[in-house]
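Now for the letters of each chain:
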Amino acid sequence: METSVKVTPQMPSSFKEFAGHVEPRDENCAAQLRFGHPLKQSELNYDQHRQNLNLQMLRNREGLAAPLKLTMELKSVSKVGHLPFLPSTNVARDVLTGRDELIDYTDIFNLAENSEIMAQPHAVMEKNLGIL
């Protein structure tokens, strides 16, 4: 009967545990912890990319006037002003883009800019106008 060989576990000399195409190039631990996933940038630009594709398909199907009109409506809706201490809900923009029918994590996990805490109106206006 043969004796089994036991392998003692060894700690790596550096933090470099990544293998394959997502391997960071820096050898120090801090740079490897800051390393972002390759899909992160893609996910950040997903909505803009989808809107550009939809406008391009609309142009191919209906001509230049339809996406131009939609883009002008989106631009005019985004310029609608409100006082700085009132939160903007962007309902009109959501209706034009079709996001009013979607429920995503921003609807469930409230973001800081959607907070229901109202600031002091006079203080916010003075800061905005530089009257301090």
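To start, this report covers the structure provided alongside it. This one's a predicted model, so the numbers in the text were calculated from it and none came from an experiment.

Looking at the overall build of the chain
Within the chain one finds seven helices and zero strands. Helices (α) and strands (β) of the chain occur, in sequence order from the N terminus, as α-α-α-α-α-α-α. Long-range pairs, those at least 24 residues apart, make up 24% of the contacts in the chain between residues at least 6 apart in sequence. Summed over its atoms, the accessible surface of the chain is roughly 12,100 Å², and 58% of this surface lies on carbon and sulfur atoms.

Remarks on the layout of surface pockets
Of the volumes computed, that of the second largest pocket is approximately 440 Å³. Residue lining of the second largest pocket: 15 residues in total, with Asp47, Arg50, Gln51, Thr97 and Arg99 positioned closest to the centre. Going through the elements one at a time, helix 3 (46–62), helix 4 (65–78) and helix 5 (91–97) are the ones with two or more residues in the lining of the second largest pocket. At seven residues, the largest contribution of residues to the lining of the second largest pocket is made by helix 3. Each residue belonging to the lining of the second largest pocket can be placed in one class, and the counts come to six nonpolar, five polar and four charged. Both domains that furnish three or more residues to the lining of the second largest pocket are identified here as domain 1 (37–79) and domain 2 (82–131).

A look at the packing of helix 3 against helix 4
The geometry of helix 3 relative to helix 4 is characterised by a closest axis approach of 8 Å and an angle of 140° between their N-to-C directions. As judged from the angle between their axes, helix 3 and helix 4 are oblique. Facing Gln51, Leu55, Leu58, Arg59 and Glu62 of helix 3, the residues of helix 4 in contact are Ala66, Pro67, Leu70, Thr71 and Leu74.

Points about the environment of Ala119
Structurally, the position occupied by Ala119 is in the loop between helix 6 (105–108) and helix 7 (121–129). As a C-alpha pair, Ala119 and Leu86 span 33 residues in sequence and 8.5 Å in three-dimensional space.

Cut-offs used in this document
Residues numbered from 1 in each chain as written. Predicted model: local features only at pLDDT ≥ 70, side-chain atom pairs only at ≥ 80, totals over all residues. Heavy atoms only, no water. Helix = DSSP H or I, 4+ residues; strand = E, 2+ residues; numbered from the N terminus. Contact = heavy atoms within 4.5 Å. Areas by Shrake-Rupley, 256 points an atom, 1.4 Å probe, with all protein chains shown as cover. 1 Å grid on protein atoms, 1.4 Å probe; cavity = no way out; pocket = protein on both sides within 12 Å on 5 of 7 lines; lining within 4 Å. Points joined across faces, edges and corners; volume = space filled by probe spheres on them. Nonpolar A, V, L, I, M, F, W, Y, C, P; charged D, E, K, R; others polar. Domains from an automatic or database assignment. Axes fitted to C-alpha atoms, helices over the stretch in contact; angles between N-to-C directions. Parallel < 35°, antiparallel > 145°, perpendicular 65-115°, else oblique.

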